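Close look at the chain arrangement
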Amino acid sequence: MSKVSKIVFIGDGATGKTCVARRLLDDEWRFSAFKSVPTLGVEVHSVELPNSNVVNVWDCAGVEKNRGLGDGYYIQAKAAVIFHTPNDVRDWVRDFRRACMKKPIVHVGARADELTNEEREVLMRKYPNIVFVSSKSGEGINELVELLEQI
Ligand SMILES: Nc1nc2c(ncn2[C@@H]2O[C@H](COP(=O)(O)OP(=O)(O)O)[C@@H](O)[C@H]2O)c(=O)[nH]1
Ligand SMILES: [Mg+2]
């Protein structure tokens, strides 16, 4: 039987959350044609994984003024995927933990094609099992799918 789970994508604005959600939905999706518009509130994308489980990806706004529901986004989430940069503006781990305490978190190093080795190291020290993901180069997308399959 396939399962349906809610997963929230969170992180600062412009860390590439919507791009990764699009890429999970569509292998043919072209990064270069994507026009970014800050997500208003939330977009929910239903993604069927290779193992037939379905994740409803809640692609949440990272920008404060667009975060209408506050912690309400996290209700009944199975897990969070947190998009990190070396200079996160907001402490998303604390934010999620406050609402969803013990649920699993997948830490993503966002826009990995732009990260230097030093920046990667800084992030790996903070989040030892971080997955570096780029919707531009494709790095880490399959690994992210495999992690989502385990949730
Ligand atoms: N170089 C690079 N830029 C990215 C990547 N993902 C997103 N971007 C850029 O960041 C902008 C914002 O992406 P978006 O997915 O809307 O970010 P969100 O606000 O986190 O949903 C995009 O228009 C791209 O220019 C990536 O993997 N690599
Ligand atoms: Mg977005």
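These numbers come from a predicted model, not from an experiment. (Residues numbered from 1 in each chain as written. Chains lettered and ligands numbered in written order. Predicted model: local features only at pLDDT ≥ 70, side-chain atom pairs only at ≥ 80, totals over all residues.)

**As for the sheet that holds strand β4 (residues 79-84)**
Convention followed: Any two strands with at least two DSSP bridges between them are considered paired. Note on conventions: DSSP H or I runs of at least 4 residues are helices, E runs of at least 2 residues are strands, and numbering of each starts at the N terminus.
Strand order in the open sheet formed by six strands is β2-β3-β1-β4-β5-β6, and the pairing between neighbours is mixed. A strand with exactly one partner marks an edge of an open sheet, and here the two such strands are β2 (42-48) and β6 (131-132). Taken together, the five bridges between strand β1 (residues 4-11) and β4 define a ladder with parallel strand orientation. Across the sheet, F9 pairs through a bridge with V81, a residue of β4.

**Structural notes on the site of ligand 1**
What counts, and what does not: Only the C-beta atom matters for this test: placed from the backbone, it must lie within 6 Å of a molecule or strand for the residue to be near it. Basically, the charged four are Asp, Glu, Lys and Arg, the nonpolar ten are Ala, Val, Leu, Ile, Met, Phe, Trp, Tyr, Cys and Pro, and anything else, Gly included, counts as polar.
In the region of ligand 1, 18 residues are neighbours, and G16, K17, T18, C19 and S36 sit closest. Here the residues of the shell around ligand 1 sort into four nonpolar, nine polar and five charged.

**Brief notes about the nonpolar core**
So the rule is basically this: For the purposes of this analysis, a nonpolar core is taken to be any set of buried Ala, Val, Leu, Ile, Met, Phe, Trp, Tyr and Cys residues that are connected through C-beta atoms within 7 Å. Comment: burial labels come from other C-beta atoms within 10 Å of the residue's own C-beta, placed from the backbone, where a count of 20 or more is buried, 12 or fewer is exposed, and between is partly exposed.
Membership of the largest hydrophobic core comes to 30 residues, with the highest contact counts inside it found for I7, V8, F9, I10 and I82. Elements represented by at least two residues in this core include exactly β1, α1 (17-25), β3 (54-60), β4, α2 (92-100) and β5 (105-109). Looking at this core element by element, the count peaks at five residues for β4.

**Focus: the environment of V4**
How we decide: Contact between two residues is assigned when their C-beta atoms, built from the backbone, lie within 7 Å.
Note on placement: V4 falls in strand β1. Note on V4: 11 C-beta atoms within 10 Å, which makes it exposed. When the C-alpha atoms of V4 and V57 are compared, they prove to be 10 Å apart, with 53 residues separating the residues in sequence. For V4, the contacting residues outside a window of four places in its chain are V54 and N56.

**Describing unusual backbone geometry**
You will see that A14, though not glycine, has its phi angle at about 65°, which is positive. Even without glycine at this site, R111 takes up a positive phi of about 50°. Note on placement: R111 falls in the loop between β5 and α3 (117-126). When the 20 C-beta atoms within 10 Å are taken as the criterion, R111 is described as buried.

**A look at the pairing of β2**
Where β2 and β3 come together, seven bridges link them in antiparallel fashion. Along β3, the bridge assignment pairs V44 with W58. Taken together, β2 and the strand that follows it, β3, pair antiparallel across an intervening segment of five residues, in which S52 is found at a positive phi of about 80°.

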